[in-house]
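Examination of the molecular architecture
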Amino acid sequence: MSELLALELLFIGLLGLASLAIAWISGVVVYKLFKGQR
């Protein structure tokens, strides 16, 4: 039971990190696009 819970927490943590990285990269790309238009 505890092993399964640890695996689930690890998976959720990795998923959160991946979504954070994707959001950060897309934010940087949008910022550079807006900065390049001016």
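Conventions we followed
Residues numbered from 1 in each chain as written. Predicted model: local features only at pLDDT ≥ 70, side-chain atom pairs only at ≥ 80, totals over all residues. Heavy atoms only, no water. Helix = DSSP H or I, 4+ residues; strand = E, 2+ residues; numbered from the N terminus. Buried < 20%, exposed > 50% of the residue type's maximum accessible area, 1.4 Å probe, protein only. Areas by Shrake-Rupley, 256 points an atom, 1.4 Å probe, with all protein chains shown as cover. UniProt positions renumbered as here; feature names shortened; annotations may be inferred. Patch = residues over 30% accessible without salt bridge, like charges linked within 9 Å, V, L, I, M, F, W, Y side chains within 5 Å. Salt bridge = Lys/Arg side-chain N within 4 Å of Asp/Glu carboxyl O.

1. Here we look at the overall build of the protein chain
Counting its secondary structure elements, the protein chain contains one helix and zero strands. Taken over 38 residues, the protein chain has a buried fraction of 0%. Summing over all exposed atoms, the protein chain offers an accessible surface of approximately 3900 Å²; the carbon and sulfur share of this is 77%.

2. Regarding the UniProt feature "transmembrane region" (unreviewed entry) in the protein chain
In the numbering adopted here, UniProt assigns the feature "transmembrane region" (unreviewed entry) to residues 12–34. The span residues 12–34 shows a helical share of 100% and a strand share of 0%, and its end C-alpha atoms are spaced 33 Å apart.

3. With respect to a nonpolar patch on the surface
Among the surface-exposed residues, Leu 7, Leu 10, Leu 14, Leu 17 and Leu 20 lie close enough to one another that they form a single nonpolar patch of about 550 Å² accessible area. Tracing the backbone through its elements, the reader meets Leu 17 in helix α1 (residues 2–37). For Leu 17, a relative accessible area of 55% corresponds to the exposed category.

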